[in-house]
Amino acid sequence: MMVDIEIEIDGKVVHGYPGESLISIADRQGIDIPRFCYHKKLSVAANCRMCLVDIEGNPTPQPACSTLSSAGMKVHTNNEKAKTAQKAVMEFLLINHPLDCPICDQGGECELQDVAMEYGSDISRFTEGKRIVDDKGIGALIQTDMTRCIHCTRCVRFGAEVAGIVEMGATGRGEDLKIEPFLSEGIQSELSGNMIDVCPVGALTSKPFRYEVRSWQMNSIQTIARHDLVGSNIFTQTHKNKVKRVVARDNESINETWISDRDRFSYQGLNSENRVLIPKIKVKGEWKDASWSDALDFATNGIKKNAKEGSQFGTLASKNATLEELFLLQKFTRGLGSDNLDYRLDTSNPFNAKVLESNISLTELETIDHALIVNSYLRLEQPMINHRIRKATLNGASVSTINAKAFNFNYRISQSVLTSPQNTVATLSGVLKALLDKSSQTLPGYLNSVTIDQTHIDIANALSNAKHPVVVLGEHVNGNKCSDQVAQLVANIAKASEAKTLNASLTGNAHSAERVNFKPDNGKNALQILSSDLTAFILFDIYPNFDCIESKNAIEHLSRDDAFVVVMNSFDDESVLSFANVILPIASFYETSGTHINVDNIAQSYSASVKSAGESKPGWKVIKVLADLLNLEGFDFTDSSQIADEALSLSPSFSEIEVPISNSEMPNVATVWQYTPYASDVVVRHASSLQQTRIGQMSEASVCKATAKLLKLSEGDLYNGIPVNINESVAEGCVFVHTHLPRQLGVI
Amino acid sequence: MIKKIKKIIKDFGLSEIRAGMKITGKQLTNDKITVQFPEERTPISPRFRGLLALRRYPNGEERCIACKLCEAVCPANAITIESEMRDDGTRRTTQYDIDLFKCIYCGFCEEACPVDAIVGTHIFDYAFETREGSIIDKEGLMEIGDKHEKAISKARQEDSKYR
């Protein structure tokens, strides 16, 4: 603990730490010092000079952001000398700032506007010409009006320090100084939207939000983003029952002050034309709009008729559903006497044992000194988790990866091992063997035949030399037939190196699904449900051509004549229309109350920000009414918080089984099918601006030369509908598909 | 007693009628002040706040930039605005409605407007026949503005030296 010192600000005795900046002490005490370039999460630039304060004994006013406190300092923030200095700076800042507040989207929430009200002069003494700066487009998410820029360089520092990609910079000097992107392609970062939040003026504003509503017209509602494992805290800003904008909400232990672009711009999907607004039933092959009561009767009658025994009934739910929805659905399914339920649709090997737990908190991630990332492009898949690891690397942590492709991380990777899915078990076994060799422990039988090479030893050394290592397992493992063995080996590696683990393979609200045990104990899992002779199904917010791993088989299977499929969806989808018998429209993100459990096992509940679109109803209410109509017991809920209370009181017991490691037969070439982060769930897939970004448009099947030859592919060919890109950054024997297009594969 | 006698003299001397006739006589020769509304109208101050109108620039471009300051300042919540980006990239309204039942003719909207788009005209005699007629939309407001632009700009001109 650092020593406390006493200083005096405006005659008030306050406490701070030696070396702490004056502005941060003042902020803690609620003493207002105007500022533009200072941001608590960014480095100090001291270039706006707005925070000048008078320090006794100092001939000139000093900037409070870069002046460090020392014991006995006497600071005046609003005496004559400080005020004169601040007013003079304000006048300089306003020299070139245009007076276009009426058409500026920042108007009403602008730091410059607020400070000018207090420190600005009524009349400008500047008669020369004002500076005008050309705008270069910087992509589909951020609108620039660089004439308004006051050169605080917050966006530049954000790019360099937080996003980890230096995309904006200052060029020119003096009058010609411009803040602009270095490349004409615009901003690529997955965190770029935060530049809008840090910009104190209207130079960077949200493009999808442009000219829509003024800041004072909107209601800000506290809620949680549901796209990833973090559950970033956000405000949805609504106007006339529509979400108009999403901005970050501070929560130091979860998302600090940042949110990913996916969380920020996905709200656009809610207003998509593809929303299902009215219940529909299929009568004699024709779709008809129906009233809620007719549709619910149709659904219950169908379930009663087609699932005379519970075991003929199966339920599949999205991993992005709320805790309440998942809890009621599993209660509903088990109430019908069925144990066929699952949420792991993109997993080719849905195993039941809990092999790999996450046992590191987000804040702890910053303190690690080595991270081993297995099967993940963490930067795009879990941007906020990646951000914490990046922070650790800035403090000297090293990172090694075992991936099918060499990804473009925003920190340096010290060891990168390229491994195809079929070789992942062998590679991890090698690392484990090297680790155990190093500490001369006895080897389990399955490691005897494993050969180790230098890369395995390097990674093992990095792990064993680290004091606080972490092993991260990511999403790409889901398509692997041996995913249980991979998870087991990751757990064993973590145990052998005393590392913490972070399981990022099941994302969204998967922790809620685990909490309510939304998977079969003895019944059928997702793959079995979609291949056996069940006759009645409930699909909750599922779009099989995107979400199911064997999408073609799944759709064929659900299209059988004897299958009765009740679909609860918030979006229309042609393939769903082809097999469903009844569609019940449910509320989407921000339209329903619910609970998200994040990777730290923190349950965050939120209320609905807007009313659900059209006639759609919150999912939990629909399930409750269906259960009532089928006379199931235990659905006497009137509020989603009652459901959450009951669901959170559960503590499911997991069978901790050691998965045997075997050298199972694998195909010569395996495919890793990974969606771009902007195709990871249905809402974000309909967010038009995100789809226009470089990350959103990404669609390529990367393959190395040798494998391409084996598969007789050449550059530009289509591999399952995805253009082939031949490059050597991919492991041999592997096609790495990164796309926003639906799966067209029967089996991958 | 003396009071009574004075009153009798006053009453029989028709003093009050004479006083009244004196005024009548004076007014007989004066200019008349009765105005035959609506054929004749009284003069109006340039600051008069009557029916609201939306103006255009001389080149025909609408002035309003959808800043919504009038909507924000309106104490009666009589103004409703929806905005969008027009194809040429400028900020424009798609809807600009004023509910004349709510409007209290305070003129705050005119004071708030940074581009002199919404203005009070000198029209104060108007009526509508349906309940919905109380809401004038953007088109209606522009029409009023176009029709009375001369009078509106003259009034602004006259008032400008006091601003």
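Our structure's up above, just so we're on the same page.
Student: Just to check I follow, could you spell out a nonpolar patch on the surface for this structure?
Tutor: A cluster of nonpolar residues, B:Met1, B:Ile2, B:Ile5 and B:Ile9, forms a patch on the protein surface that exposes about 500 Å² of accessible area. As for its position among the elements, B:Ile9 is in helix H1 (residues 2-12).

Student: I would appreciate a short explanation of the sheet that holds strand E16 (residues 341-342) of chain A in the present structure.
Tutor: Backbone-to-backbone hydrogen bonds pair the strands of a sheet. The strands run either parallel or antiparallel. Residue and element names in this part refer to chain A. Spatially, the seven strands line up as an open sheet ordered E14-E13-E24-E23-E22-E15-E16, and their pairing is mixed. Looking at which strands have only one partner, the edges of the open sheet turn out to be strand E14 (286-289) and E16. Alignment of strand E13 (residues 280-283) against strand E24 (residues 582-585), held across two bridges, turns out to be antiparallel. Counterpart to Ile281 in the pairing with E24 is Val582.

Student: Looking at this structure, how should I read the sheet that holds strand E4 (residues 62-63) of chain A?
Tutor: All names here are of chain A. Strand order in the open sheet formed by five strands is E2-E1-E5-E3-E4, with mixed pairing between adjacent strands. Both edges of this open sheet fall to strand E2 (12-16) and E4, since each of them pairs with a single strand only. Packing of helix H1 (residues 22-29) onto the sheet brings it into contact with strand E1 (5-9), E2, strand E3 (52-55) and strand E5 (74-76), and relative to E2 it is tilted by some 115 degrees.

Student: Is there a simple way to explain the pattern of salt bridges in this structure?
Tutor: A side chain of one charge can pair with a side chain of the opposite charge when the charged atoms of the two come close. All chains considered together, the criterion is met by 50 salt bridges over all chains. Ionic contacts of the salt-bridge type, sharing partners, join the residues A:Lys41, A:Glu252, A:Glu256, A:Glu366, A:Arg388 and A:Lys391 into one network.

Student: Help me understand the interface of chain A and chain B, please; the structure alone is not making it clear to me.
Tutor: Often, the extent of an interface is quoted as the loss of accessible area upon association of its parts. Opposite the 13 residues of chain A that make contact, chain B presents 16 residues. Both sides of the chain A and chain B interface together cover about 1,100 Å² of buried area, and 53% of this is carbon and sulfur. Taken as a group, A:Pro102, A:Tyr211 and A:Trp216 account for 48% of the area that chain A buries against chain B, more than any other trio of residues on that side. Remark: the boundary between chain A and chain B carries two salt bridges. Notably, a salt bridge pairs A:Lys240 with B:Glu82, separated by 2.7 Å at the nearest N-O pair. For the side of chain A that touches chain B, the per-class residue count stands at six nonpolar, two polar and five charged.

Student: Is there a simple way to think about the side chain of B:Asp99 in this case?
Tutor: Residues and elements named next belong to chain B. In this fold, Asp99 is placed in strand E3 (residues 91-99). With no salt bridge to any partner, buried Asp99 finds its closest opposite charge in Lys102, at an N-O distance of 4.5 Å. Leaving out residues up to four positions away in the same chain, Asp99 has contacts with Ala78, Ser134 and Ile135.

Student: Help me out: how do you make sense of the side chain of A:Ser192 in this one?
Tutor: Mapped onto the secondary structure, A:Ser192 falls in the loop between strand E8 (178-181) and helix H5 (194-198). Polar contacts involving the side chain of A:Ser192 include one to the side chain of A:Asp261, which spans 2.6 Å.

Student: In this structure, what is going on with unusual backbone geometry? I would like to understand it.
Tutor: The phi torsion of most residues other than glycine is negative, and most of the peptide bonds are trans. B:Phe37 connects to B:Pro38 through a cis peptide bond whose omega is 5 degrees. Relative to the helices and strands, B:Pro38 is located in the loop between helix H2 (15-29) and strand E1 (52-54). A positive phi angle, close to 60 degrees, is found at A:Asn241, a residue other than glycine. Take A:Asn241: it is sitting in the loop between strand E11 (233-239) and strand E12 (242-248). Phi is positive for A:Glu498, close to 50 degrees, though the residue is something other than glycine. Topologically, A:Glu498 is positioned in the loop between helix H14 (483-496) and strand E21 (500-503). On the basis of relative accessibility, which here comes to 70%, the residue A:Glu498 falls in the exposed class.

Cut-off values and rules
Residues numbered from 1 in each chain as written. Chains lettered and ligands numbered in written order. Predicted model: local features only at pLDDT ≥ 70, side-chain atom pairs only at ≥ 80, totals over all residues. Heavy atoms only, no water. Patch = residues over 30% accessible without salt bridge, like charges linked within 9 Å, V, L, I, M, F, W, Y side chains within 5 Å. Areas by Shrake-Rupley, 256 points an atom, 1.4 Å probe, with all protein chains shown as cover. Salt bridge = Lys/Arg side-chain N within 4 Å of Asp/Glu carboxyl O. Helix = DSSP H or I, 4+ residues; strand = E, 2+ residues; numbered from the N terminus. Pairing = 2+ DSSP bridges. Contact = heavy atoms within 4.5 Å. Axes fitted to C-alpha atoms, helices over the stretch in contact; angles between N-to-C directions. Buried area = accessible area lost by both parts, 1.4 Å probe. Nonpolar A, V, L, I, M, F, W, Y, C, P; charged D, E, K, R; others polar. Buried < 20%, exposed > 50% of the residue type's maximum accessible area, 1.4 Å probe, protein only. Lys, Arg positive; Asp, Glu negative; His and termini not counted. Polar contact = N/O pair within 3.5 Å; in protein donor to acceptor, adjacent residues only side chain to side chain.

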